[in-house]
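These are the residues of each chain, in order.
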Amino acid sequence: MKRGRGVIRGLKNAAISHCRCVIGVAMSVKMARPLSLIFLHMIHRVSAADWAVNYSFPHICALKDSSVIMSCTYTYPTGHQIRKAYWTKDPVKAVEPTDLSVDPEYSQRLQYLGDEQQNCTVRLSHVTEKDEHKYYFRFNTDKIEGRWLGSPGVTLNIPDIQLESPERVKEGDSVRLTCRSSCELTDTPTFIWYRNSHTLTEGTIGDKLILNPVRREDAGRYRCAVHGHTLTSPEVYLNVTYPPKSVSVSISGSAVIMSGDSVTLSCSSDSNPPAEIHWFKGKTYIGSERIFNISKISSDDSGEYKCKTRNDHGGKYSYPVTLDVQYPPRNVSVSINGSAVIMSGDSVSLMCISDSNPPALNFSWFKENQSSAVGSGQSFSAVQSGRFYCEAHNPHGAQRSDAVTVTVKGRPLILHISIGVGCGAAVVIMMLLIWKIRMQKRNDTVELQKNQSRLHHESSNKFTDPVYENVKTNPSRPHHDSGDDMTDPVYENVEISEADLIRSAVHC
């Protein structure tokens, strides 16, 4: 009985103890929740305050083949020791980040410049477009919970450089070319400008090239580059437009253009865009191509030629050129000045006419059935009957004319008789007139002599008188001979000499 009560009492005590234990466990659990919350809260405050990575430049824009320095510092709680610090890229959740220092693509180009205290700077060399990623610094401590990935990381961009330029400009405008990248370069670059592979120094201002005013010589292929880098922009062609200038016409072929030749005229001009071309002979429009061909040229094609060029910015004429088409004499003919029928003793003038270039200067005259020339010069006087023709010469050849007939007729018989009778009568009259003049002169001479003899006799008788014995003759007074009496008015109208009368008779 006592043993049973003892068992019951033991079980009761055990139950009570068990209840107390359960209650204690329950109480301990209830007490543990707020303690764990307090602990976790303490951990959170520590991480926020002591776990950190600070990046100097969250965004870096670097040129291809350049070196990039990604600078940062980091902190961690006291009591931790750094076991590993490294850089990674593009982390994935639930996957341990890759250490770039052991990545084959980075191992030779990545250099850690930091330490295991606070500095986490790294250098990446020879960057390319493949290196465009987001990079993070990662470090692990000796504590299980001591792993930290620094956000927001560093975004690396590797841009190309592009040259911005207007496609087409007009001569005289102000033009600006700009060298740009898709992002703002972290380092301030120095730009170099090239035109047709030649370095430019004038007009460069930073990333801009100013052409004011732009000239036609400024047209060409432009590109820009960054000093110290091999990277250059793609080439851009600057097209400078302007109106036609230096318009000229050239002639191909021989200097001497002969009839039947082929002649090519070429019109050239300096213009942009290329000009339309129009050809003119004098003021007449004749064609519109740059080349103007004349096949089998003739004298009708001689004249002044010029071309006119025109584009959107204006037009201009060339200076005229002259085509002088030369050819040997042609269409040679004889022109008769007057009648081709003449009287014996007369002459007729013949003129040789020809069409030639250069003009014919040498002319020869021929009579049919005679081998040698009968005359030269452009005109010829024919005095004989026959058929006459001329031959014209210039440096390119000769041509003869058709023959013309000249007829010389004798004078009529009655005309000869009339002329003979007239001449005979004239001779008789002349002879009678001569005889009469001679007889008159003889009679006058005899009479004069008689008068002189009588006067002399009378004067001799007078001067023998004593009254005149002291009178002497004046020897200085000239003695008039018989010739002086011919000045008598009787003879003053006689002007015809005997020689003149004889010549008149002979001519008849």
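The name given to the protein in an unreviewed UniProt entry is B-cell receptor CD22-like isoform X1, and the organism recorded there is Danio rerio.

Trainee: What exactly am I supposed to notice about the nonpolar core here?
Mentor: The tendency in soluble globular proteins is for nonpolar side chains to be buried side by side. The biggest cluster of nonpolar side chains holds 26 residues, and the ones touching the most others in it are W87, F137 and L156. For this core, the secondary structure elements donating two or more residues are β1 (52-55), β3 (68-70), β4 (72-75), β5 (82-89), β7 (122-124), β8 (134-141) and β10 (154-157). Dropping the residues within four chain positions of it, L156 is found in contact with I60, A62, V68, L124, V127, D131, E132, H133 and Y135. Residues L63, L177, W193 and L231 belong to the second largest nonpolar core, which totals 23 residues.

Trainee: Hey, could you run me through the sheet that holds strand β11 (residues 161-164) in this one?
Mentor: Where strands meet in a sheet, backbone hydrogen bonds hold them as pairs that are either parallel or antiparallel. Within the open sheet, the four strands sit side by side as β11-β13-β17-β16. Their pairing is antiparallel. Two strands bound the open sheet, and with one partner strand each, they are β11 and β16 (204-205). In this structure, β16 lies alongside strand β17 (residues 208-211), joined through two bridges in antiparallel fashion. The partner of I205 across the bridge, within β17, is K208.

Trainee: In this structure, what is going on with the confidence of the model for the protein? I would like to understand it.
Mentor: Detail in the predicted coordinates should be disregarded across regions flagged by low pLDDT. For the protein, the average pLDDT comes to 80, and 77% of its residues sit at 70 or higher. Per-residue pLDDT stays below 50 along residues 1-47; that stretch engages in three contacts with residues further than four places along the chain or on separate chains. Low pLDDT, under 50, characterises residues 462-496; the predicted model gives this stretch 14 contacts beyond four residues in sequence or across chains.

Trainee: Explain the environment of V256 here, please?
Mentor: Looking at the secondary structure, you find V256 in the loop between β19 (236-252) and β20 (257-258). Residue class for V256 comes out partly exposed when judged on its relative accessible area of 38%. Measuring from C-alpha to C-alpha, the distance between V256 and V325 comes to 7.8 Å, with 69 residues separating the pair along the chain. Beyond its immediate sequence surroundings of up to four residues, V256 is in contact with D261, Q326 and H396.

Trainee: Which parts of the structure should I look at to understand unusual backbone geometry?
Mentor: When glycine is set aside, most residues are seen to have a negative phi, and most peptide bonds are trans. Residue P152 follows S151 across a cis peptide bond; omega there is 15 degrees. The amide bond that connects N272 to the next residue, P273, takes the cis arrangement and shows omega of 0 degrees. Here P273 shows up in the loop between β21 (263-272) and β22 (276-281). The backbone of H126 shows a phi angle near 55 degrees, a positive value even though the residue is not glycine. Note on placement: H126 falls in the loop between β7 and β8. Here H126 falls in the partly exposed class, since its relative accessible area comes to 48%. Positioned with a positive phi, S246 is a non-glycine residue whose angle comes to about 55 degrees. Position of S246 relative to the elements: it lies in strand β19. Under the relative-accessibility criterion, S246 is labelled exposed at 56%.

Trainee: When you look at the pattern of salt bridges in this model, what are you seeing that I'm missing?
Mentor: Pairs can form between side chains of opposite charge once their charged atoms are near each other. In the structure shown here, the tally under the stated rule is 13 salt bridges. The closest approach of N and O atoms between R330 and D355, which form a salt bridge, is 3.0 Å. With a gap of 25 residues between them, R330 in strand β28 (residues 325-337) and D355 in strand β30 (residues 348-357) connect regions that are remote in the sequence. Through salt bridges with shared partners, a single network forms among E171, R216, K245 and D270.

Trainee: Can you help me understand the side chain of S266 in this one?
Mentor: Looking at the element boundaries, S266 is found in strand β21. Sequence-distant contacts of S266, that is, excluding residues within four places in its chain, are made with S248, V249, S250, W279, R290 and I291.

Trainee: Can you walk me through the pairing of strand β25 (residues 303-311) in this structure?
Mentor: For a regular strand, side chains alternate in direction, first toward one face of the sheet and then toward the other. The sheet contact formed by β22 and β25 spans six bridges and is antiparallel. Across the sheet, the residue bridging to F280 is K306, located in β25. Direction of pairing for β25 relative to strand β27 (residues 321-323): antiparallel, over a ladder of three bridges. Bridge pairing in β27 places E304 opposite T322. Note: β25 against strand β26 (residues 314-317), four bridges, orientation antiparallel. Considered in β26, the bridge of R310 is made with G315. In textbook terms, the turn of a hairpin is the stretch between consecutive antiparallel strands, and for β25 and β26 this stretch comprises two residues.

Trainee: Please explain the pairing of β19 as it appears in this structure.
Mentor: When strand β12 (residues 168-170) meets β19, the two strands line up parallel, connected through three bridges. By the bridge assignment, K170 is partnered in β19 with T241. Pairing of strand β18 (residues 220-226) with β19, which is carried by three bridges, proceeds in the antiparallel orientation. Note on β19: the bridge partner recorded for G220 is L238. Inspection of the sheet shows β19 paired to β21 by seven bridges, in the antiparallel sense. Its bridge partner being in β21, K245 is matched across the sheet by D270.

Trainee: Looking at this model, I keep getting lost on the packing of aromatic side chains. Mind explaining?
Mentor: Aromatic ring pairs are defined here through the distance separating the ring centres and the angle between the ring planes. This model, assessed by the stated rule, comprises 18 aromatic pairs. Residues Y74 and Y76 carry aromatic rings whose centres are separated by 6.1 Å and whose planes lie at 25 degrees to one another, so their mutual orientation is stacked. For the residue pair Y74 and Y76, the accessibility class agrees, reading buried in each case. One cation-aromatic arrangement involves R109 over Y106; the distance from NZ or CZ to the ring centre is 5.3 Å. Taking NZ or CZ as reference, R216 lies 3.9 Å from the ring centre of Y242, over its face.

Trainee: Whenever I open this one, the sheet that holds β3 confuses me. Can you help?
Mentor: Taken in spatial order, the three strands line up as β3-β7-β6 in an open sheet, and their pairing is antiparallel. Of all strands in the sheet, those with a lone pairing partner are β3 and β6 (110-112), marking the two edges. Along the sheet, successive strands turn relative to each other by an average axial angle of 20 degrees, direction set aside.

Cut-off values and rules
Residues numbered from 1 in each chain as written. Predicted model: local features only at pLDDT ≥ 70, side-chain atom pairs only at ≥ 80, totals over all residues. Heavy atoms only, no water. Core = buried A, V, L, I, M, F, W, Y, C linked by side-chain atoms within 4.5 Å. Buried < 20%, exposed > 50% of the residue type's maximum accessible area, 1.4 Å probe, protein only. Helix = DSSP H or I, 4+ residues; strand = E, 2+ residues; numbered from the N terminus. Contact = heavy atoms within 4.5 Å. Pairing = 2+ DSSP bridges. pLDDT = per-residue confidence, 0-100. Salt bridge = Lys/Arg side-chain N within 4 Å of Asp/Glu carboxyl O. Phe/Tyr/Trp six-rings, centres within 6.5 Å; stacked < 30°, edge-to-face > 60°. Lys NZ or Arg CZ within 6 Å of the ring centre and 35° of its normal. Axes fitted to C-alpha atoms, helices over the stretch in contact; angles between N-to-C directions.

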